[in-house]
Amino acid sequence: MGELVEKFMGWFPVGRNAVTSAAPLSAAVDYDGEDRISALPDDLLRCIVSRLPVKDAARTAAIASRWRHLWRSAPLALRDADLLPSAVGRILADHPGPFRVIDIARCRFASHERELAEWLRLLASKGVEDLVLLNDVDDLKLTTDTVRLPTDILRCASLQRLFLAFVWFPDTDGLSHGSYVLPNLQELGMFTTGISAWDLDYVLACCPVLEKLVFVLNIMPDPVRIRSRSLRCVLLWMSAVEEVAVVDAPLLERLFLLEAPRLGDESIAMIKIASAPNLRALGYLEPRFHRLLIGDNVIKPGTMPSPSTVIPGVKILAFKVNFGVLKEIKMLVTLLRCFPNIETLHIESLTEPTGRNRAKFWCEVSTVECIKSHVKKMVIHEYRGEQSELEFLKFISRSAQELQTLDVLLNRESLTSVAKATEMTNKLVALSRVPWNCECKMMVLGQSYQNDWSIQKASDLTVEDPFHW
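Criteria and thresholds
- Residues numbered from 1 in each chain as written.
- Predicted model: local features only at pLDDT ≥ 70, side-chain atom pairs only at ≥ 80, totals over all residues.
- Heavy atoms only, no water.
- Salt bridge = Lys/Arg side-chain N within 4 Å of Asp/Glu carboxyl O.
- Helix = DSSP H or I, 4+ residues; strand = E, 2+ residues; numbered from the N terminus.
- Buried < 20%, exposed > 50% of the residue type's maximum accessible area, 1.4 Å probe, protein only.
- 1 Å grid on protein atoms, 1.4 Å probe; cavity = no way out; pocket = protein on both sides within 12 Å on 5 of 7 lines; lining within 4 Å.
- Points joined across faces, edges and corners; volume = space filled by probe spheres on them.
- Nonpolar A, V, L, I, M, F, W, Y, C, P; charged D, E, K, R; others polar.
- Phe/Tyr/Trp six-rings, centres within 6.5 Å; stacked < 30°, edge-to-face > 60°.
- Lys NZ or Arg CZ within 6 Å of the ring centre and 35° of its normal.

Another aspect to go through is the pattern of salt bridges. Considering all chains together, one arrives at 15 salt bridges under this definition. Salt-bridge contacts for Arg161 lead to Asp130; the nearest nitrogen and oxygen are separated by 2.7 Å. Here Arg161 is found in strand E5 (residues 161–165), whereas its partner Asp130 is found in strand E3 (residues 128–135), with 31 residues between them in sequence. For the pair Arg161 and Asp130, a shared accessibility class is recorded, and that class is buried. Glu286 is the partner of Arg288 in a salt bridge, and the nearest nitrogen-oxygen pair spans 2.7 Å. For Glu286, a relative accessible area of 2% gives the class buried.

Listed below in structure tokens is the structure:
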């Protein structure tokens, strides 16, 4: 189960790669037998020991008296892949700490609840920077094997990155707010982890430096309220939710809603943005079932921009839309008007053959400020070559005045037929040759350029465009 989660996520605390893998070693041909490593300063030796698998780190005490004290004074990285639960407990008890990384991913918590409680108590007292708790559940017993974590985990004052999978978040009902609750936590990731609205509010209120919050395939509270003075990135991936409310997040830069499962054919997910003055990247908005509320204003088809219905700070915006459905493209235009200063626009096409090209609609659309005056880069993902998609691109050619690059990424399935691929390419080439309202470079890209989206890239705040392939 751990391998499945790791493959799916592509994102674990950075310390997970801080342990060297086993590798055969051999002496150099001209090696004279002198022990030069033991002559190194203690700080360098501790650094070496701390990067060894924990079993090997403990064995260094037998090398020589020079090494005897080193493993106990070196910050260790512990992974349980090759350890029994009893061995994990002994190491945590014997080593005085701190621990750089604790990675528990091979233990079925339902069978070791007493040990789990003791481990977390020890970690709270000894210190850990990165903590991975992945409940090794049986796929067929996911409900019965999922346990609630003890509240001792909230007292790990040194903890900087926490990743939880197949557990329930600790019950915070009745707990007081205090500086002892995860004061140094910067990243919190949850995979198929249950958390109540109360518990989420509690942890956001208590963690003064939390910057990244990630939910994947999660059991979400309703609503998800984002109220934090420190959060910079919030990501929900394949997590069903009826409402996300950004209540007060002055530093929030990125809000991602990715591949959200629908709770029914008529289900609607409300996205409320009350206060997020630093928001720069948002997506994917899906007009078919997302409803946007800015302040107290519900954005409906035809809503015209005003100071109370726009979010001027957003620079990067992403949509998923079916260009053949009139209701969706009407909402697309309305939503674009809510973000007047977009510089980079990503649109993933969900278009299916409908027999309707929507040319009349796009010919009658009045000015969309961001398209006319601000968008410099546009990427169309999953382009299928439908006429309704082409009519949108014609609208862009007539309207955009600042557009510099237009990248069209062709849908894989559409490339299975040589005739279909040739037809799509010829139409795009013909469009590129008509007079445009701007100096724009169009690139038509095949399947090797398809988006390889990852949580790691999205949550990396140094990546300029998190939606870029």
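What follows covers empty space enclosed by the protein. Taken as a whole and judged by the stated rule, the model has five cavities of 30 Å³ or more. What the second largest cavity holds in volume is close to 50 Å³. Around the second largest cavity, the lining residues are Leu236, Ser239, Val241, Leu257, Leu258, Ala260, Ala269, Ile271 and His290. Elements with a minimum of two residues in the lining of the second largest cavity: strand E12 (254–258) and strand E13 (269–273). In terms of residue class, the lining of the second largest cavity is made up of seven nonpolar, two polar and no charged.

Here we take up the packing of aromatic side chains. Summed over all chains, the structure comprises eight aromatic pairs. Plain terms: the ring middles of Phe166 and Phe191 are 5.5 Å apart, the flat faces sit at 65° to each other, and that makes the pair edge-to-face. One end of the pair, Phe166, is in the loop between E5 and strand E6 (167–168); the other, Phe191, is in strand E7 (residues 187–191), and 25 residues separate them in sequence. Linked through ring pairs, Phe323, Phe361, Trp362, Phe392 and Phe395 together constitute an aromatic cluster. Against the face of Tyr284 rests Lys320, its NZ or CZ located 5.3 Å from the ring centre.

No statement about biological role is implied by the geometric values presented.
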